[in-house]
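Report on the structure
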Amino acid sequence: MKKIFLFITIITCAGLLFTSCEDVLDKENLSAINPDDVWSNESMANAYLNGIYGAFMPGMPLGTGNYTDEAVSGISAFAYGTATIDSYNNWPYGTIRTINFLLENINSGSLTDEQKDPIIGQGLFWRAWTYFDMVKAYGGVPLVLNVQDPADKEALKVKRNKTSECITQIIEDLDNAIAKLPSSWNNANTGRIDKCAAKAFKSKVLLFYASPQFNPENIASRWQNAYNAAKEAKEYCESQGKGLYESFSGIWDDELNKEVIMVRRYNNPGSTYFSGGVRPLVYSNGATGQDQPSLELVEAFPLIDGTPWNPSTMSFDTIYRHRDERFYATIAYNGANPYLKDMFDANTRLWTYRRPDGGAMDGPLPTLTSFYRVKGLDKTIDISAVELTSTDWPEIRFAEVLMMYGETANEIGKSDEALQVLFDIRKRAGIKPGSDGKYGITASTQAEIRTAFMNENYLEFAFEGKRWDQLRRLRQLDVRLNSLKHRHGLIITLKEGETAPTGMDNVDNYLDRFNITKVETETIEFDVKDEYYFYGIPKTHIDQNPDLEQTLGWDGGTFDPLL
């Protein structure tokens, strides 16, 4: 039985209004609670904290691949060159006020240090998390570290801090959080932030700050700091039993396995989400179109011997053969083995070919690429339960910690450590080591290893909501997407007069019955602008606070996000 979902209570800071939650607080009339009592009652203080989790803990990313080269069937103003200052709006100062309220008031009650410290540590973590989410988008933002009076309009007009000042504060919050957080939580609190999660996130912050988006001059000390943090996170997580889970697909199928570092827990009933958009139409309850894998992603996965797929010498009709394990755990293709309960119940493979007249086998809205996403899907539910999906989401997993360690090692000249990470990642993917023991990795120079990490991140974390930020921090968003111009897919059409495969027929026996055509999946070309590496502040916030400088490159902005 899955543990009860963590985020069971939401308490709003404004007026400190408590909703009915007898099971948690064992109170009959919560509206009568004195706000001062919260900080003398561990259950109430944790319930307040749960509201912060509910506001900021990421959930299962569905559709995020549509805006990059991972998938199709989505349009982003940033990808197609039409973004304005209002195209991205992440300004969560209301919830930052909630966090600051906790941090300012928790010492006013009678909780012991043993009770308070983990709560304070989690509050500091979420403040760091929130500010980093803004900084990676805008560069420096106003640092508000105290509870502001919403009635004092002048005091609310806070100027943007330098990016460097924000990063310093984020790291300070994380260091203080790490000092107070437990190494792990018991079963009743599984899913809360612990030292592993905080150390892993600190590593991520410093990696971003060292990367080309923030570090175009390639300041060596930033890479050294990032390496130190990544090495510490890796070694600490390993000391707590974390590591690469042996089965790649099992990372999502076998919840709370050793690879999970930071996790959003779901539970039915109580906390579920709709997953129909990533399932084939006939199994989706009327919705599809999210995260349909692009041909670019499909081709990027290596073969089982580690060599790359080569479209100039290999045939699209056998594109599914001899790929690494991540391919099959991520991509569903024409003739793929059943991977959903509906398919097992119907005793059928996935079929994405079209009839000779162009009609789809699965209805009027077929996949645009002939592929579907598999990663992260709940394989145990059928079409009747797609609105009640409850698969946990590992927001940070050990592979990410390992890849950050390897990438930073390469940047400070430790190529052997970097290459070993790539070997370990590919070994877990089931790729054969080869006679040289390099799992198909041919990179040897720093630049080549850097490219190898970028490529491996593409495959390892496909559909995990990381690709857009990954390309931005490497300043490869325009390089990758603009040079691609269009994403592509395959149209697989049954030849006139041929008998179609159905059910559990082996697609290998029907290959000569299909016509396969590579197609562009959209008419608009990618046109990522240079200024998109840092977004503009939306007009509503500039209007409310005229002391805010607009970001360079946006509406005459003067704020330099690299300072």
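Here the structure is shown first, and the text comes after it.
What you see is a predicted model, and the numbers here were worked out from it, not measured in a lab. (Residues numbered from 1 in each chain as written. Predicted model: local features only at pLDDT ≥ 70, side-chain atom pairs only at ≥ 80, totals over all residues. Heavy atoms only, no water.)

Here helix H5 (residues 163–180) contains 18 residues, and its C-alpha end-to-end distance of 26 Å stays within 8% of the 26 Å for a straight helix at 1.5 Å per residue. Every buried residue of H5 is listed here: Thr163, Cys166, Ile167, Gln169, Ile170, Ile171, Asp173, Leu174, Ala177 and Ile178. On its buried face, H5 is in contact with helix H4 (113–138) and helix H6 (195–210). (Helix = DSSP H or I, 4+ residues; strand = E, 2+ residues; numbered from the N terminus. Expected span 1.5 Å × (residues − 1). Buried < 20%, exposed > 50% of the residue type's maximum accessible area, 1.4 Å probe, protein only. Contact = heavy atoms within 4.5 Å.)

Now for the packing of aromatic side chains. Evaluation of the coordinates by the stated rule reveals 35 aromatic pairs. Pairing Tyr80 with Phe526 gives two aromatic rings, centres 5.1 Å apart and planes at 10°, and the pair type is stacked. Of the two residues, Tyr80 is situated in the loop between strand S1 (71–72) and helix H3 (93–105) and Phe526 in the loop between strand S8 (514–520) and helix H17 (539–544); the sequence distance between them amounts to 446 residues. Like Tyr80, the residue Phe526 is buried in the burial classification. The interplanar angle of 20° and the centroid separation of 5.8 Å between the aromatic rings of Tyr532 and Trp554 together place this pair among those described as stacked. Placement of the pair is Tyr532 in the loop between S8 and H17 and Trp554 in the segment after H17, with a sequence separation of 22 residues. Judged by its relative accessible area of 3%, Tyr532 falls in the buried class. Since its relative accessible area comes to 5%, Trp554 is described here as buried. Pairwise contacts between aromatic rings join Phe78, Tyr88, Trp91, Tyr93, Tyr131, Tyr138, Trp468, Tyr532, Tyr535 and Trp554 into one cluster. A cation over a ring is seen here: Lys234 above Tyr405, with NZ or CZ 5.2 Å from the ring centre. (Phe/Tyr/Trp six-rings, centres within 6.5 Å; stacked < 30°, edge-to-face > 60°. Lys NZ or Arg CZ within 6 Å of the ring centre and 35° of its normal.)

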